[in-house]
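Reading the structure
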Amino acid sequence: MLSSEILNAKREEFESYVTITGIAVSLGTTKISTLEKVKTIKSGAVEVQAEAEKVVKGLGIKSTTVANIGENIITNAALAVVKLILSYGVDPADIKTLVVATETPQDISESMAVEVKDAVNKVLAALNRRGYSFGQFEPLAQLHVQSACASAGLAISNFALNGINGGKAIVVATDSAEYALHTPPDETGGFGSVAVLLEKTSSNTNGIMLSSKIGHFSRKVPDFLKPIIKDLYGETGLELVAKYPIVFGKFSEETYFLADYESVKSIMREMGKSISDLSLHNSLSFISHIPTVAMPEKAFAYLFRHFTRYDSELKSRLEAELGGAAEPFLDGFTRIEDELSFIMDFNGLYYSLVGVPKELDARLGARDKNGNVELAERMLNANRDLILRYIQNETREIAARYKPTGELGASFISVIENLESLRSSERTTLQQLDDAFKPARDIIAAFEAADNDYVKRIRSTTIFKEYKKRMSIDESVRISSMTGNLYTGSAPLGLASYLSYSDFASTNDILMMFYGSGLETSTIYGKPRNIEKMIETVKRNVDTELNSLREISAGEYESIRKNSVLLGASRPAPLISNSMFRMMHVNEAELTGNLAPYLSLYERARSESSAQSFKQKDLVA
C-alpha cells in the first residue's frame, strides 16, 4: 500500500526509538462455534443455520472465545504477560514499565495495572513453588490506559514517539467484548489478551522497529459508547452503567473508515509527505482494528478508492473491471472522504441528541417500571428550547461548512424549519425530534446504500483482490475469525496473526492502525529486522492457544453468561478472580499444564541468552 521507497529511501534515514521484540497471545480456556452461539439468539433449525451462514460468510467469524467462570480481563492479562516473559526468556526485573490497555475496566477508579501486576506475581510465585526462581515483577511505572479500542495503540504510539528511558516495557491489551445475551451483536464478541514487549532500538536490536513519526486523528463522535448515568434511586452511590455498548453499526463503520484515512494522512504529514504521495506497492502490509473479520478489507477498499485518484494506471484498470459503474455522490460532493466527514458531523449530531437518549430510555423502560421511564424525554422537555436551538445552530454550521446542494441542501432547510416548529409547541417527544431530522437522514441513507453497493463491486474486482493479497489482509484477520472481536486487543492480535501466517512478515514494512470509537486513531509504521525467530515464537504461541481451547455448547455458554456455575466447577481456569469478594486464586495444577509449553520455551530462551552472554564476554576478552 505504501511504497517503502517513498517513505524511507534508505534504511539509515529511518528514525526509531523503540522496537517490538516480542508478542504473546492469551485466549482463555473456552470457545464456542458460531453455529452454537447463534442457537442462543435464533430458534428453529432453518433460522439458526441461515443466521450462522450469514455470520460466517458476511462477518467472517467461525467461532468466538469466551471468558469462562472465574476468568476475566485481569486474569487473562496476567497470563499474557507471563506467557510473554516465558516465551522470550525475559527477566521480570528488566520490565520497568507496564501498561494495561482496555475498553472494559473492572473498576472506574483503581488502576488495572496494579491488579495485573499482583496477579503476575501470584503466577510467578506458584511457578517458584514448582522449582523455578523468578524474581518479583515490580515495574516502576504501572499505567492503566482506557480509550476504547485505541488504548493499546495509543500506549505503543507514545513509546514510538518518545522512546523508553530505562529497562523494557510491556503493553498488554485485554478485553472481553460482551453484548446482551440472546441479541445479534453477541455474535461478534470475543475474549483475549495480547502482550507486546518493547525495547529501546539499538544497532543490534532485532524485531519490528517503530518509526518515531506517528499518525493520529480524533473527533468526538457517538458511534459506540457505554455512558454512565447518575443515580436515579437516591443517594445509594450506585450509578447506572451501560455494560453493553450503545452501537450505531453503519455509522460506526463510516467513522472507522474516515479515521483510518485521516490518520494515514497525519503520519505522512509527520514524515514530510502528502497522502497524495502514497502509491500501492507490495513492500508494505496493512494491519488495522478488527471489530469483524470483514472490516479491514472494507477499510482498505476506501483507501483503495483514494489511491485510484492519483494513480492513472490503477484507475484505468479498476474502471475497466467495474464496467463503467459510476461512483455515487451526495449533492455538492466529489470525494468520499468529504462525504464521510459530513456524515460524521450530521449523523453524529443526530445520534448524540436523539439516538443515544432513545436507547437509554428504552433500556431504562425495560429495567424499571416505577417512574424512571422516559428519563431522557423528561430531561429534553426540561431544557427544550436550549436543546432545539443548539441543534438548529449546529445544523446551520454543518450546512455552511460543507455547502450541500440540490435535494440534500433543501433537506437541511427542512430540518431547520422542523426544529423551529417544535420550538413553538408546548412539549416535544424524542420521536418528534427524530422525525425532524428525517428529510436529510433519508437522503444520506439512500447514498449509504448506493455507496455500499459500489464498495462491494470494488472488492469483487481482480485488481482489488490482487492488492489485498499483497497487503496480507486475509492473513492479519485469520486468528480473529476464530476468536471474534477482542476490542483493544484486536489490532495487536492482527499483528500476531500477520506474523504467524503471512509470507511477507520477515520482509515487508508494516502500517498498523489502531481505531477506537468515540473516536481516536493512531497509525504506526514499522520495519522488521531479523525477526525470523520472533515469527517462530509467535506462531508457536498462537498454535498453542488455539489448540488448547475447549469448545462449549449453547447451553453451557448461557450458563457461563448467567454465572449459574460455581467458581471452579467443571474445568477450572488456571487463574480465578471474583470482583465481589476481591479474590485472585491460582489453580496450580491447571496453571502448570496451561503454561507447560511456555516453560520449555523459557528454559530454551534463557539457555540461548546465557550462551550469547558468554560469547560476548569471549569477544571482549
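Residues numbered from 1 in each chain as written. Predicted model: local features only at pLDDT ≥ 70, side-chain atom pairs only at ≥ 80, totals over all residues. Heavy atoms only, no water.

**A word on empty space enclosed by the protein**
Stated precisely, the cut-off is as follows: As defined here, a cavity is a set of points on a 1 Å grid over the protein atoms alone where a 1.4 Å probe fits but cannot get out. A pocket is an open set with protein on both sides within 12 Å along at least five of seven lines, and residues line them when an atom is within 4 Å of a point. Grid points are joined across faces, edges and corners, and a volume is the space filled by probe spheres set on the points. Strands here are runs of E lasting at least two residues and helices are runs of H or I lasting at least four, both read from the DSSP assignment and numbered beginning at the N terminus. Each residue is assigned to one class: nonpolar for Ala, Val, Leu, Ile, Met, Phe, Trp, Tyr, Cys and Pro, charged for Asp, Glu, Lys and Arg, and polar for all the others, Gly among them.
For the structure shown, the criterion picks out five cavities of 30 Å³ or more. Residue lining of the largest cavity: 14 residues in total, with Thr65, Val66, Glu178, Gly189 and Tyr557 positioned closest to the centre. Within the residue set of the lining of the largest cavity, elements represented by two or more residues are β3 (63-66) and α20 (554-561). Grouping the constituent residues of the lining of the largest cavity by class yields six nonpolar, four polar and four charged. Looking at the second largest cavity, the residues that line it are Phe257, Leu258, Asp260, Tyr261, Ala299, Tyr302, Leu303, His306, Ile336, Glu337 and Leu340. Contributions of two or more residues to the lining of the second largest cavity are made by α7 (249-270), α8 (295-308) and α10 (336-367). Residues belonging to the lining of the second largest cavity are distributed by class as follows: eight nonpolar, one polar and two charged.

**Quick notes on the pairing of strand β18 (residues 575-578)**
Quick note on the threshold: Relative accessibility under 20% of the residue-type maximum defines a buried residue, over 50% an exposed one, and the middle range a partly exposed one, all with a 1.4 Å probe and only protein chains included. When DSSP finds two or more bridges between two strands, those strands count as paired.
Neither face of β18 is left uncovered, since the one carrying Leu575 and Ser577 and the one carrying Ile576 and Asn578 both have all their residues buried. As paired strands, β18 and strand β19 (residues 583-586) are joined by four bridges and run antiparallel to one another. Looking at the pairing, Ile576 lines up with His585 of β19. Hairpin connection, β18 to β19: the antiparallel pair is bridged by four residues, and Arg582 has positive phi, about 55°.

**What about the pattern of salt bridges?**
What counts here: We define a salt bridge as a contact between a side-chain nitrogen of Lys or Arg and a carboxyl oxygen of Asp or Glu at a distance within 4 Å.
One pass over the structure, following the stated rule, counts 35 salt bridges. In this structure, Lys83 and Glu545 form a salt bridge, with 3.0 Å as the shortest nitrogen-oxygen distance. Separated by 462 residues along the polypeptide, Lys83 in helix α4 (residues 73-87) and Glu545 in helix α19 (residues 532-548) bring together distant segments of the chain. Across the pair, Glu545 and Lys83 agree in class, each one buried. One salt-bridge network, held together by shared partners, links Glu297, Arg459, Lys468 and Asp474.

**Observations regarding the environment of Ile228**
Locating Ile228 in the fold gives a position in strand β11 (residues 228-229). Using a relative accessible area of 45% as the deciding quantity, one classes Ile228 as partly exposed. Along the chain, Ile228 and Ala242 lie 14 residues apart, while their C-alpha atoms are 6.4 Å from each other.

**Notes on the packing of helix α9 (residues 312-322) against helix α15 (residues 462-470)**
Stated precisely, the cut-off is as follows: Inter-axis angles, ranging from 0 to 180 degrees, are taken between N-to-C directions of lines fitted to C-alpha atoms, where helices are fitted over the stretch in contact. Any angle from 65 to 115 degrees is called roughly perpendicular, while one under 35 is roughly parallel, one over 145 is roughly antiparallel, and all others are oblique. Contact definition: two residues touch when any of their heavy atoms are within 4.5 Å.
Following both chains from N to C, one finds α9 and α15 inclined at 130°, their axes separated by 8 Å at the closest point. Classified by the angle between their axes, α9 and α15 sit oblique to one another. For the pair α9 and α15, contact is made by Leu314, Arg317, Leu318 and Glu321 and by Thr462, Ile463, Glu466 and Tyr467, respectively. Looking at the contact of α9 with α15 residue by residue, the classes come out as four nonpolar, one polar and three charged.

**Some words on α15**
Under the convention used in this document: Throughout, the arc means that of the directions going from the helix axis to the C-beta atoms.
Ile463, Phe464, Tyr467 and Lys468 are the residues of α15 that are buried. Down the axis of α15, the sector holding all buried residues measures 135°, keeping them to one side. In α15, the exposed positions that point more than 90 degrees away from the buried face belong to Thr462 and Lys469. Looking at the packing, one finds that the buried side of α15 touches α8, α9, α14 (430-459) and α16 (473-476).

**Considerations on a nonpolar patch on the surface**
Our working rule: Patches were defined on residues exceeding 30% relative accessible area and lacking a salt bridge, with like-charge contacts within 9 Å and nonpolar side-chain contacts (Val, Leu, Ile, Met, Phe, Trp, Tyr) within 5 Å. Under the convention used here, a 1.4 Å probe and the Shrake-Rupley method define accessible areas, while residue burial counts only the protein chains that appear.
Nonpolar side chains collect at one region of the surface, where Met580, Phe581 and Met583 lie side by side and expose about 380 Å² of accessible area between them. Residue placement: Met583 occurs in strand β19. Judged by relative accessible area, which is 31%, Met583 ranks as partly exposed.

**Description of the packing of aromatic side chains**
Applicable threshold: Note on aromatic contacts: the rings of Phe and Tyr and the six-membered ring of Trp form a pair at centre separations within 6.5 Å, being stacked when their planes are under 30 degrees apart, edge-to-face when over 60 apart, and tilted otherwise.
If you walk through the whole model with that rule in mind, you get 24 aromatic pairs. Seen in terms of ring centroids, Phe304 and Tyr467 are 6.3 Å apart; in terms of plane orientation they differ by 50°. Their pairing is tilted. Of this pair, Phe304 sits in helix α8 while Tyr467 is found in helix α15, placing the two residues 163 residues apart along the sequence. Classification of Phe304 by relative accessible area gives buried; the value is 0%.

**A short note on the packing of helix α18 (residues 490-501) against α19**
Axis separation between α18 and α19 bottoms out at 8 Å; the angle between their running directions is 110°. By the angle between their axes, α18 is roughly perpendicular relative to α19. Residues Ala496, Leu499, Ser500 and Tyr501 of α18 form the contact with α19, whose own contacting residues are Met534, Ile535, Val538, Lys539, Val542, Asp543 and Leu546. For the contact of α18 with α19, a count of residues per class yields eight nonpolar, one polar and two charged.

**A closer look at the environment of Asn165**
Positionally, Asn165 belongs in the loop between α6 (151-162) and β6 (168-176). We classify Asn165 as exposed; its relative accessible area is 78%. Taking C-alpha positions, Asn165 is 9.2 Å from Lys96, a pair spaced 69 residues apart along the chain.

**Looking at the side chain of Ser263**
Its location among the elements puts Ser263 in helix α7. In contact with Ser263, other than residues within four places in its own chain, are Gly215, His216, Phe217, Thr521, Ser522 and Thr523.

**Side note on the pairing of strand β14 (residues 284-288)**
Of all five residues in β14, five are buried, a share of seventy percent or more. Across five bridges, β14 lies against strand β15 (residues 509-516) in parallel orientation. Note on β15: the bridge partner recorded for Phe286 is Leu511.

**Observations concerning the confidence of the model for the protein**
Applicable threshold: Every residue carries a pLDDT, the predictor's confidence in it, which falls somewhere between 0 and 100.
With 91% of its residues at a pLDDT of 70 or more, the protein shows a mean pLDDT of 90. Between residues 1-12, whose pLDDT stays under 50, and residues either more than four places distant or in other chains, the model counts 42 contacts. In this model, residues 616-621 is a region of pLDDT below 50 whose contacts with residues beyond four sequence positions or in other chains number zero contacts.

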